[in-house]
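Residue-level structure breakdown
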Amino acid sequence: MQNKKFWMGVVAVFITLMFKDFISYMLFITPRFESIFHLTRPEAEVKMGIVVVMVGFFAYFFTWIFSKGYEGKGVMEGIRYGLAVALMMMLPLTYVVYASMPIQFSLTEQLGAFLHTTIDCVLAGITLTWIVSMKPKQTG
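Residues numbered from 1 in each chain as written. Predicted model: local features only at pLDDT ≥ 70, side-chain atom pairs only at ≥ 80, totals over all residues. Heavy atoms only, no water.

**A word on helix 2 (residues 48–69)**
Its 22 residues place the ends of helix 2 32 Å apart at the C-alpha level, agreeing with the 32 Å of an ideal helix rising 1.5 Å per residue. Among the residues of helix 2, those classed as buried are Val 55, Ala 59, Phe 62, Thr 63, Phe 66 and Ser 67. Down the axis of helix 2, the sector holding all buried residues measures 130 degrees, keeping them to one side. Structural note: helix 2 exposes Ile 50, Val 53, Phe 57 and Lys 68 on the side pointing more than 90 degrees away from its buried face. (Helix = DSSP H or I, 4+ residues; strand = E, 2+ residues; numbered from the N terminus. Expected span 1.5 Å × (residues − 1). Buried < 20%, exposed > 50% of the residue type's maximum accessible area, 1.4 Å probe, protein only. Arc of directions from axis to C-beta.)

**Thoughts on the confidence of the model for the protein chain**
As a general rule, the predicted coordinates of low-pLDDT regions are not to be interpreted in detail. For the protein chain, per-residue confidence averages 84 on the pLDDT scale, and residues scoring 70 or more make up 82% of the total. Across the protein chain, helix 2 holds the top mean pLDDT of 92, while helix 1 (residues 3–32) sits lowest at 84. (pLDDT = per-residue confidence, 0-100.)

**Notes on the nonpolar core**
Within soluble globular proteins, side chains that are nonpolar generally end up buried alongside one another. The biggest cluster of nonpolar side chains holds 15 residues, and the ones touching the most others in it are Val 13 and Phe 62. Mapped by element, the contributors of at least two residues to this core are helix 1, helix 2, helix 3 (75–100) and helix 4 (107–133). Those residues in contact with Phe 62, other than ones at most four positions away along the chain, are Val 13, Tyr 81, Gly 82, Val 85, Cys 121, Ala 124, Gly 125 and Leu 128. (Core = buried A, V, L, I, M, F, W, Y, C linked by side-chain atoms within 4.5 Å. Contact = heavy atoms within 4.5 Å.)

In structure tokens, the structure reads:
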């Protein structure tokens, strides 16, 4: 993966995740998790700077790992990569959160969290395959 495409991929993944998460939190996540809001910071105290930096961190390493194994096999490669990352992240995280926080285990809510992250990762993988497969503009 060329350096320019790598950085375009990082930025594209970052924008994709920030936009999709904003929409998801407004429409789906906030209404479903009101019962556990007492376990989180009040909205005014959320450290958005840390959130943005961590999404950037994720975008960088998501793109970097993808670039090391990119095979040029089209959009299914991005989907497969996104699914693998989502499984690697969410399956352990779901059970660690359940084991360490005073919350009920709800298959519906756990499945919802898994699907949210899976959609994020698959969209990011598709975005990367699109960026990497772009042909350079012909000049002259």
